[in-house]
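# Breakdown of the fold
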Amino acid sequence: MLKEVTATRYITPLREGGSLPGLVEADDLGAYVMKFTGAGQGRKTLVAEVICGQLARRLGFRVPGLAALDLDPVIGLGEPDPEVQGLLKGSGGTNLGMRFLPRALGFDPLAYAVDPVQAGRIIWFDALINNVDRSWRNPNMLVWNGELWLIDHGASMIWHHNWRGAPAWAGKPYDATDHALAPFGPDLAAAAADLAPRITEDLLAEAAADVPDVWLTDEPGFDSPDAVRRAYVETLLERAPGIHERIELPKAAAAATPRATGWITYEGAGQ
Ligand SMILES: Nc1ncnc2c1ncn2[C@@H]1O[C@H](COP(=O)(O)OP(=O)(O)O)[C@@H](O)[C@H]1O
Ligand SMILES: [Mg+2]
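Keep in mind it's a predicted model, so treat the numbers as computed, not measured.

## Here we look at helix H4 (residues 188-195)
- Taken as a whole, H4 has its buried residues at Leu188, Ala191 and Ala192. One face of H4 carries all of its buried residues, which in axial projection span an arc of 95°. The exposed residues of H4 that point more than 90 degrees off its buried face are Ala189 and Ala193.
- Of the surrounding elements, those touching the buried residues of H4 are helix H3 (116-129) and strand E10 (247-248).

## Brief notes about the pairing of strand E8 (residues 147-150)
- As paired elements, strand E7 (residues 141-144) and E8 share four bridges and run antiparallel to each other. Considered in E8, the bridge of Val143 is made with Leu148.
- If you look at the hairpin formed by E7 and E8, you'll find two residues sitting between the two strands, and Asn145 has a positive phi there, around 50°.

## Notes on the UniProt feature "domain: HipA-like kinase" (unreviewed entry) in the chain
- As annotated in UniProt, the feature "domain: HipA-like kinase" (unreviewed entry) corresponds to residues 13-156 in the numbering used here.
- Taken end to end, residues 13-156 is 26% helix and 24% strand, and its two terminal C-alpha atoms sit 23 Å from one another.

## What to know about the nonpolar core
- Core analysis: the biggest nonpolar cluster contains 67 residues, and Ile51, Leu69 and Ile123 have the highest contact counts within it.
- Counting contributing residues, this core receives three or more from each of domain 1 (3-103) and domain 2 (106-264).
- Setting aside residues no more than four positions away along its own chain, Ile123 makes contact with Ala176, His179, Leu181, Pro186, Leu188 and Ile247.

## Quick word on the sheet that holds strand E1 (residues 3-13)
- With mixed pairing, five strands are arranged side by side around a closed barrel as E1-E2-E3-E5-E4. Put simply, the sheet's adjacent strands are angled 55° from each other on average, direction ignored.
- Here four bridges tie strand E2 (residues 22-26) to strand E3 (residues 31-35), and the two strands are oriented antiparallel to one another. Counted as the bridge partner of Gly22 is Met34 from E3.

Here is what the cut-offs are and how they apply
- The residue count restarts for each chain, going from 1 along the sequence in the order it is written.
- In the order they appear in the text, chains get letters beginning with A and ligands get numbers beginning with 1.
- Two thresholds apply to this predicted model, a pLDDT of at least 70 for residue-level local features and 80 or more for giving and counting side-chain atom pairs, whereas whole-chain, interface and lining totals are computed over all residues.
- Whether a residue is buried, exposed or partly exposed follows from its count of other C-beta atoms within 10 Å of its own C-beta, namely 20 or more, 12 or fewer, or something in between, respectively; the C-beta atoms are built from the backbone.
- The secondary structure listing takes helices from DSSP runs of H or I that are at least 4 residues long and strands from runs of E that are at least 2 residues long, numbered from the N terminus.
- The arc in question is the one spanned by the directions pointing from the helix axis to the C-beta atoms.
- We call two residues in contact when the distance between their C-beta atoms, placed using the backbone, is within 7 Å.
- In this analysis, strands are considered paired if DSSP registers two or more bridges between them.
- UniProt positions are given in the numbering used here, feature names are shortened, and annotations may be inferred rather than shown by experiment.
- A set of buried residues qualifies as a nonpolar core if it consists of Ala, Val, Leu, Ile, Met, Phe, Trp, Tyr and Cys joined through C-beta atoms within 7 Å.
- Source of the domain bounds: an automatic or database domain assignment.
- In this analysis, axes come from line fits to C-alpha atoms, helices being fitted only over the stretch in contact, and the angle between any two N-to-C directions falls in the range 0 to 180 degrees.

Right under this line is the structure:
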């Protein structure tokens, strides 16, 4: 289960993303990025955030801690923006909280060098979950304390919008031609050799167990939240073994490896 906290103060909207997440303070005194159940794509975005985020963490990637964040819309009454007001009013109850990384920088490929092993691991993981939202235009990675952190897995696992088509996704390719890390010479063979065997039924079930029931109830075609969890597990389990052979990289990926110059890397940057 995810940690459960309650929002006590709405601080400000984060306007960098498309879904207008908010920065809030919670009753554990932590600051969280709150992603709303009432936002455009609704609760499935949050399900994807939890399953993919918890899976990524178990595979050794850095992902900000997640929490089930209870919201009483009354805390946002003073917020002047009507769009934010609408989001808050439509999102009473359980939302997603992600630990806020203060002073994190957006990933910039010219300023931060990623080695081929790390690039390969991240692209392999994105291929598994079919993440379409880590392009060079919109990398959804942060640099914090000199390390790369993964955020925003809401646009993954597109098959959950049409479960009848989900089995076919085991064999579908992943288009990484626009991936933010494609130019870093990703070592996909090494990533697959290490990560694919670790995608077990138990590991996936642990990640799916962390999704709050309330986001999985009344899913058409399923009689319980656990039945929906099993569908996520099965699809990812089927997709893992062969996905590395179906990752489409740009033709000149290896040749175009950018190198950050020493003075602008964050190596040893501490805070
Ligand atoms: N945990 C975090 N710590 C610090 N900043 C964050 C965090 N999560 C998101 N942000 C900032 O908020 C922006 C929007 O968040 P994101 O999860 O990408 O939402 P969206 O679905 O709207 O794209 C990010 O691009 C980043 O600048
Ligand atoms: Mg984003």
